[in-house]
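Listed below are the residues making up each chain.
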Amino acid sequence: MKLQDKIILITGASSGIGRATALRFAQDKPHLILSSRSQEKLEKVKIEVEALGANAETMTADVTNTNEVKDLFLKINKKYNKLDVVFNNAGLGYIAEIEDLTTEQIEKMVDVNVKGMIMVTKYASEIMTRNQEGHIIMTSSLAGYITIPQWSVYTATKWAIRAFGDTVRQEMKQYNTKVTTIHPGAVKTEFFDQSKADIDIAKLGSAITPEEVAEQVYKAVFTDKKHVLVPKSASLYAKLYKYFPGLVGWLLSRMANEVEYHEDLNEDEPEFDSNHTN
Ligand code: NJP
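What this report covers is the structure whose coordinates are included nearby. (Residues numbered from 1 in each chain as written. Predicted model: local features only at pLDDT ≥ 70, side-chain atom pairs only at ≥ 80, totals over all residues. Heavy atoms only, no water.)

**Description of the nonpolar core**
Counting 49 residues, the largest nonpolar core has Leu-9, Phe-73, Ile-76, Leu-83, Val-86 and Ile-146 as its most contacted members. Put simply, the parts of the chain that give this core at least two residues each are β1 (7-11), α3 (66-80), α4 (103-131), β5 (134-139), α5 (152-172), α6 (191-194), α8 (232-243) and α9 (245-264). Take this core: its biggest share by element is 8 residues, from α4. When neighbours within four sequence positions are excluded, Ile-146 is seen to be in contact with Thr-155, Trp-159, Tyr-237, Ala-238, Tyr-241, Val-248 and Leu-252. By size, the runner-up hydrophobic cluster in this structure holds 29 residues, among which are Ile-17, Ala-54, Val-217 and Ala-220. (Core = buried A, V, L, I, M, F, W, Y, C linked by side-chain atoms within 4.5 Å. Buried < 20%, exposed > 50% of the residue type's maximum accessible area, 1.4 Å probe, protein only. Helix = DSSP H or I, 4+ residues; strand = E, 2+ residues; numbered from the N terminus. Contact = heavy atoms within 4.5 Å.)

**Considerations on the side chain of Asn-113**
Structurally, Asn-113 can be placed in helix α4. Residue class for Asn-113 comes out buried when judged on its relative accessible area of 0%. Here the side chain of Asn-113 touches Thr-157 through a polar contact of 3.2 Å, side chain to side chain. The residues contacting Asn-113, other than those within four sequence positions of it, are Gly-91, Leu-92, Lys-108, Tyr-154, Thr-157, Lys-158 and Ile-161. (Polar contact = N/O pair within 3.5 Å; in protein donor to acceptor, adjacent residues only side chain to side chain.)

**Let's talk about unusual backbone geometry**
Going from Val-230 to Pro-231, the amide bond is cis rather than trans, its omega being 0 degrees. In this structure, Pro-231 sits in the loop between β7 (227-230) and α8. Phi is positive for Lys-29, which is not a glycine, with a value near 60 degrees. As for its position among the elements, Lys-29 is in the loop between α1 (16-26) and β2 (31-35). Positive phi, normally seen in glycine, also occurs at Gln-150, with a value near 85 degrees. Along the chain, Gln-150 turns up in the loop between β5 and α5.

**Quick notes on the pairing of β2**
Within β2, 5 of the 5 residues are buried, which leaves the element mostly enclosed by the surrounding structure. The two faces of β2 match: His-31, Ile-33 and Ser-35 on one face and Leu-32 and Leu-34 on the other face are all buried. Two strands pair when backbone bridges link them, and β1 and β2 are joined in this way by 5 bridges, in the parallel orientation. Bridge assignment links Ile-7 to a residue of β2, and that residue is His-31. (Pairing = 2+ DSSP bridges.)

**Some details on the sheet that holds β5**
The 7 strands are arranged β3-β2-β1-β4-β5-β6-β7 in an open sheet whose pairing can be described as parallel. Each edge of the open sheet is held by one strand with a lone partner, namely β3 (55-58) and β7. Direction aside, the axes of adjacent strands within the sheet are offset by 15 degrees on average. For β5 and strand β6 (residues 177-184), the ladder comprises 6 bridges, and the chain directions are parallel. Along β6, the bridge assignment pairs His-135 with Lys-178. Along the sheet, helix α2 (residues 39-51) makes contact with β2 and β3, crossing β3 at roughly 175 degrees. This element, helix α7 (residues 210-220), spans β4 (85-88), β5, β6 and β7 of the sheet and lies at about 160 degrees to β7. (Axes fitted to C-alpha atoms, helices over the stretch in contact; angles between N-to-C directions.)

**Regarding the packing of α1 against α2**
With their axes 9 Å apart at the nearest point, α1 and α2 run at an angle of 20 degrees to one another. As far as their axial angle goes, α2 and α1 are roughly parallel. In this structure, α1 crosses over α2, and the sense of that crossing is right-handed. When α1 is examined against α2, the residues Arg-19, Ala-22, Leu-23 and Ala-26 are found in contact with a partner set consisting of Val-45, Glu-48 and Val-49. Tallied by class, residues from the contact of α1 with α2 come to 5 nonpolar, no polar and 2 charged. (Parallel < 35°, antiparallel > 145°, perpendicular 65-115°, else oblique. Left-handed = near helix turned anticlockwise from the far one by under 90°. Nonpolar A, V, L, I, M, F, W, Y, C, P; charged D, E, K, R; others polar.)

**Remarks on the pattern of salt bridges**
According to the stated counting rule, one finds 8 salt bridges in the structure shown. Two residues, Arg-24 and Glu-215, come together in a salt bridge whose shortest N-O distance is 2.7 Å. In this pair, Arg-24 sits in helix α1 while Glu-215 sits in helix α7, placing the two residues 191 residues apart along the sequence. Close ionic contact of Lys-122 with Glu-126 constitutes a salt bridge, the shortest N to O distance being 2.6 Å. With Lys-122 and Glu-126 both in helix α4 and 4 residues apart, this pair spans about one turn of that helix. What makes Lys-122 partly exposed here is its relative accessible area of 36%. Given the relative accessible area of 39%, Glu-126 is considered partly exposed. (Salt bridge = Lys/Arg side-chain N within 4 Å of Asp/Glu carboxyl O.)

So yeah, pure geometry; function would need other evidence.
Printed below as a string of structure tokens:
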């Protein structure tokens, strides 16, 4: 029971990678604080976590609202006076060429993925530096290493988080606080339901499960890694990008286009009218 009695906060805990990570951590029976905007969804995850024998509580907060983030950490500090791990994970993406993204979509990506993640880190760091102990884990993306057409703003937010994480890591070392960024490739979660991408994630063969990411987040807690790329092919793309940026962008956008092609092809209908003879 390596994490038993540790206080662990997870943002974006109501679905996808956050939920899967809560369930992975739960096996060690820590005290989990599950956070996102939806109380209803969090309650469902809490029941799943408790069924595994861990303690859990829900604390809603919209990470784009700095007062709500501040209140979240005030509550945690008052109740526990410590925070061992924060999995700073809430995020979203809208996928389209820059001219087709709405101003609202752009602002939302920057607010949640950059401002939200920075504020969560800022308040977590106040508790951790005081206690001279802690681990901040942030979800960036494979898109934090590469560039893909149609993902420009999302990519910008995730590169920002890699740079932010690297810098905070340098600052936090003196306070015995670790900082890690996680960089997944495509993951089968609700992310793609709201992303407006023409991608059927179920058909994207290379997509991994949120449980595979959760396993790497869990393992990261026991190491002091700067970056964790998952799956292994994500590492390969990141390395290749250094030397062949255009090729990697082309390959990845081609994979997405192939999925679109299969989508467009209605397999229930014949491609030609077999009764028609010339
Ligand atoms: O997506 P999803 P993922 N304030 O939609 C929460 C990154 N990533 O698990 O507020 C607070 O299932 C939302 O909760 P709710 C991605 O960028 C993904 O895939 O209740 N919370 C939900 O719990 C993100 O950073 C892929 O609606 C807010 C959670 O965020 C992280 O993985 C690939 C919020 C989103 O869960 C988790 O995304 C990759 C707000 N304002 C990186 N807005 C991928 N799926 O392929 C949203 O490289 N949430």
